[in-house]
Amino acid sequence: METVKIKTEVNPKKTKMKISGAEAIIHCLLAEGVDLLYGYPGGAIMPVYDELYKFQDKLTHILTRHEQGATHAAQGYARVSGRVGVAMATSGPGATNLVTGLADAQIDSTPMVCITGQVTRHLLGSDAFQETDIIGISTPVTKWNYQITEASEIPEIMAKAFYIAKSGRPGPVLVDITKNAQIDEFDFSYEKCTAVRSYNPVPKPNVEAIEAAAKLINNAKKPLIVWGQGVILGKAEEELKALVEKSGVPAAWTIMGASALDNEHPLNVGMVGMHGNYGPNVLTNECDVLIAIGMRFDDRVTGSLDTYAKQAKVIHFEIDKAEINKNVHADVAVLGNSKETLGLLLPMLKENKHTAWHNEFKEKYKVEFEQVIKNDIHPTKEGLTMGEVIEQINIESEQKAVIVTDVGQHQMIGCRYAKFKQSKSNITSGGLGTMGFALPAAIGAKMGAMEREVVAIIGDGGYQMTIQELGVIFQHNVPVKIVVLNNEHLGMVRQWQELFFDRRYASTVMTNPDFVKIAEGYSIEARRVSTREDMKAAIKEMIASKNPYFLEVKVEQEDNVFPMIPSGASVSEVRLK
Amino acid sequence: MEKEWFTISVYSENNVGLLNRISGIFLKRHINIESLNVSKSEIEGVSKFTIVVHTTEKWTRNIVGQIEKQIEVIKAFYHTDEETIYQESVLFKIASNLLFDERQIQNIIKDNNSQIVTVARDFFVIAKSGRRNEINEMYDQLKPFGIMQFVRTGRISVSKEEMQITALLNEFYQDK
């Protein structure tokens, strides 16, 4: 580490004292403004837990029921609050159980610091009890990782960990700390990290590129904005709104970008991607200028790249240089923080309206409404649809809730139909598609925004992957609302089997336990509904409740999510049925 | 897009684990590293990786972007063979009797501008530096006589254009 020069700012409360490495870790967390972390103790991290015990008035530790839950809770907390989420685990299995959450945070750019205990330094490489090479294992799924083997390294590395996790394009950092480094004493002093010489987190905006972008936008006849999570991470929601309103450009979003602009904004034309809205998908291949903001052209967004927006000039606003030309060629690349670059772009734009072009989206919406949406949210059949449940939550929560979704059909329906008035309200596992994400993420989201209503919407499959986190809700009385949309299937896989595997339903039928009894076992108020009337009443009751609440909704077992771009097909080939 | 030979040069901090992080970028994309060399660079405390790949330019650009994104990487470049001066080194271990029994071997050593670095009772060792094809030619010439051991280094290369790492680092210190 000696070769890394870190420029630091002096912490006004800078203190010098001889303390153990474990106590130093607590002071580092406090200096970084951490007051809450999630984790699970074990042998190699016990000295730190001993210090957590002493500092429990300043630092709350939430014991999740599995380390994976700790990472997702930290992610939910980070995504809703914009702060760094912290998770802690012991060595060996504790550490390996963090891997899914790390991978999820890496692909969804979530700031998170994970701290793992490690066997004492002299045992490294000896296959000691609960020794695992978590640095080797976590390298591909972390933005940065480091193994501390001496107590004196702790302040510098912890400062660097927080700086790297939250700066530029955020991501997860793992710090592995050998037990001797937790026990040994050293002279502690802490300075925040503000720069690392080999790391350029926010490229300086290039004014010429922004001028070129402005020129393309001003001359465009059929421009389309597609924004992603970069708008939220860059805190550029106001700039996005101003851009849309001044330029009159219809704007669509990826699921990670959802909630950055009010769904009911007239120029918000909906979601792109595999189960996105018909208009923005089809019209991606008719626009003349595609303005991508803080999104990375994931395959679930683009479908086949060979037929994606080939007619359009592409402008790519992006903080991560490695994303430029990775999947889609950018005619103009604007590097930098979206708040800054959009802020520079705005005064260069002409006021405009694209009424005829915008009407094409409205026409396509009418088609989608008639063929899909109407049946999803106002069904005439007897069985309940996932869409009408989401719609009812919109109504009862007045579109103010944080919606946390898991992965699968309910996630796509949730993202399609949930309405948001406030940013950072759609918490989902976008890139990795981690089943089991929602329940722990909802716990973290609630703790990151106690004043907000948090509703977790989960399928019966994913729910059972991390169901043990009900224990956290019970122990800490976390007032999250849990809605399990139970179709007795792994619905999305079943849908693919129906459409692409000649209805061979291999291992997608589930015989489920009594979810209500399970929730009641944790003293959580619970209800099961299977009729429209009961569903509406239960959602009203759930939203009104000040306590944790579990609601199981029995939905149609074999409903499919449409529109759908079949895997590998073009966005123009989006199917409505 | 056609596959070509590219030399990727990476200037980085000298830290444990960075090699793993960089090699993982190739692993993730199922791209084989044809040769790898890690050494000190011209700048104190800065390491240089020289990595040779045989793939398309698009993949190479993608990989270089991902490498440069790593926290401890200062800068990464890629070059075609024409844009660099590059060499590899090899050692051939050959039975000593052949040196006397097969006059042709002495000619091979001379014609290839290689040197004998040591002679022992049972074997002698030839060292040769040069481009991959030159080394391959020499290998083919020696092979019929029997090679006891053969080892070759990864490619080392310098670019014809300036890499400006020092300027980049100076800029960092000025900004802060």
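Residues numbered from 1 in each chain as written. Chains lettered and ligands numbered in written order. Predicted model: local features only at pLDDT ≥ 70, side-chain atom pairs only at ≥ 80, totals over all residues.

1. Regarding the confidence of the model for chain B
- Counting all residues, the mean pLDDT for chain B is 93, and 99% of those residues have values of 70 or more.
- Reported confidence for the predicted complex is 0.91 by ipTM and 0.95 by pTM. (pLDDT = per-residue confidence, 0-100.)

2. Considerations on the sheet that holds strand S4 (residues 60-63) of chain A
All names here are of chain A.
- The strand order across the open sheet built from six strands is S4-S3-S5-S6-S8-S7, with neighbouring strands paired in parallel fashion. Edge positions in the sheet fall to S4 and strand S7 (144-148), since each of these pairs with one other strand and no more. For this sheet, the mean inter-axis angle between neighbouring strands, taken without regard to orientation, is 20 degrees.
- In terms of strand pairing, strand S5 (residues 85-89) meets strand S6 (residues 112-118) through five bridges, oriented parallel. Counted as the bridge partner of Gly 85 is Met 112 from S6.
- Each of S5, S6 and strand S8 (172-178) touches helix H5 (residues 99-107); the most contacted strand, S8, lies at about 145 degrees to it. (Pairing = 2+ DSSP bridges. Helix = DSSP H or I, 4+ residues; strand = E, 2+ residues; numbered from the N terminus. Axes fitted to C-alpha atoms, helices over the stretch in contact; angles between N-to-C directions. Contact = placed C-beta atoms within 7 Å.)

3. Some remarks on the sheet that holds strand S21 (residues 525-529) of chain A
Residues and elements named next belong to chain A.
- The parallel open sheet is built from six strands, whose spatial order is S18-S17-S19-S20-S22-S21. Lying at the two open borders of the sheet, with one neighbouring strand each, are strand S18 (426-427) and S21.
- In this structure, strand S20 (residues 481-486) lies alongside strand S22 (residues 549-554), joined through six bridges in parallel fashion. From the neighbouring strand, Val 484 faces S22, where its bridge partner is Glu 552.
- Lying on the sheet, helix H16 (residues 386-397) is in contact with strand S19 (454-459), S20 and S22; it crosses S20 at an angle near 160 degrees.

4. Here we look at the nonpolar core
- In terms of nonpolar packing, the biggest core is built from 186 residues, with Ala 87, Val 113, Val 175, Ile 315 and Ala 456 of chain A touching the most fellow members.
- Per element, the largest residue contribution to this core is nine residues, and it comes from helix H7 (residues 154-166) of chain A.
- Aside from chain neighbours lying at most four places away, what touches Val 175 of chain A is Val 113, Ile 115, Tyr 146, Ile 148, Ile 157, Met 158 and Ala 161 of chain A.
- By size, the runner-up hydrophobic cluster in this structure holds 19 residues, among which are Tyr 11, Val 64, Val 73 and Tyr 78 of chain B. (Core = buried A, V, L, I, M, F, W, Y, C linked by C-beta atoms within 7 Å. Buried ≥ 20, exposed ≤ 12 C-beta atoms within 10 Å, placed from the backbone.)

5. Things to note about the environment of His 489 of chain A
Residue and element names in this part refer to chain A.
- Mapped onto the secondary structure, His 489 falls in the loop between S20 and helix H21 (491-500).
- The buried category is assigned to His 489, around which 23 C-beta atoms lie within 10 Å.
- It is 7.3 Å that separates the C-alpha atoms of His 489 and Asp 460, two residues lying 29 residues apart in sequence.
- Ignoring sequence-local partners within four residues, the contact set of His 489 consists of Arg 494, Thr 508, Val 509, Met 510 and Gln 557.

6. Considering the packing of helix H1 (residues 21-31) of chain A against H7 of chain A
Residue and element names in this part refer to chain A.
- Between H1 and H7, the shortest axis-to-axis distance is 10 Å and the interhelical angle comes to 30 degrees. Crossing handedness for the pair H1 and H7: right-handed. Contacts between H1 and H7 involve Gly 21, Ala 24, Ile 25 and Cys 28 on the former and, on the latter, Ile 154, Pro 155 and Met 158.
- Split into classes, the residues belonging to the contact of H1 with H7 amount to six nonpolar, one polar and no charged. (Left-handed = near helix turned anticlockwise from the far one by under 90°. Nonpolar A, V, L, I, M, F, W, Y, C, P; charged D, E, K, R; others polar.)

7. Side note on the environment of Thr 71 of chain A
Residue and element names in this part refer to chain A.
- With respect to the helices and strands, Thr 71 occurs in helix H3 (residues 67-81).
- Since 34 C-beta atoms lie within 10 Å of it, Thr 71 is described here as buried.
- Taking the C-alpha atoms as reference points, Thr 71 and Glu 318, separated by 247 residues in sequence, lie 26 Å from one another.
- Discounting chain neighbours no more than four positions away, the residues touching Thr 71 are Ala 87, Leu 98, Gly 101, Leu 102, Met 112 and Cys 114.

8. A closer look at H16 of chain A
All names here are of chain A.
- Taking 1.5 Å per residue, twelve residues should reach 16 Å; H16 reaches 17 Å between its end C-alpha atoms and fits that length.
- Residues of H16 that are buried include every one of Met 386, Gly 387, Glu 388, Val 389, Ile 390, Glu 391, Gln 392, Ile 393, Asn 394 and Ser 397, and no others.
- Glu 398 occupies a position one or two residues after H16 and carries a positive phi of about 55 degrees. (Expected span 1.5 Å × (residues − 1).)

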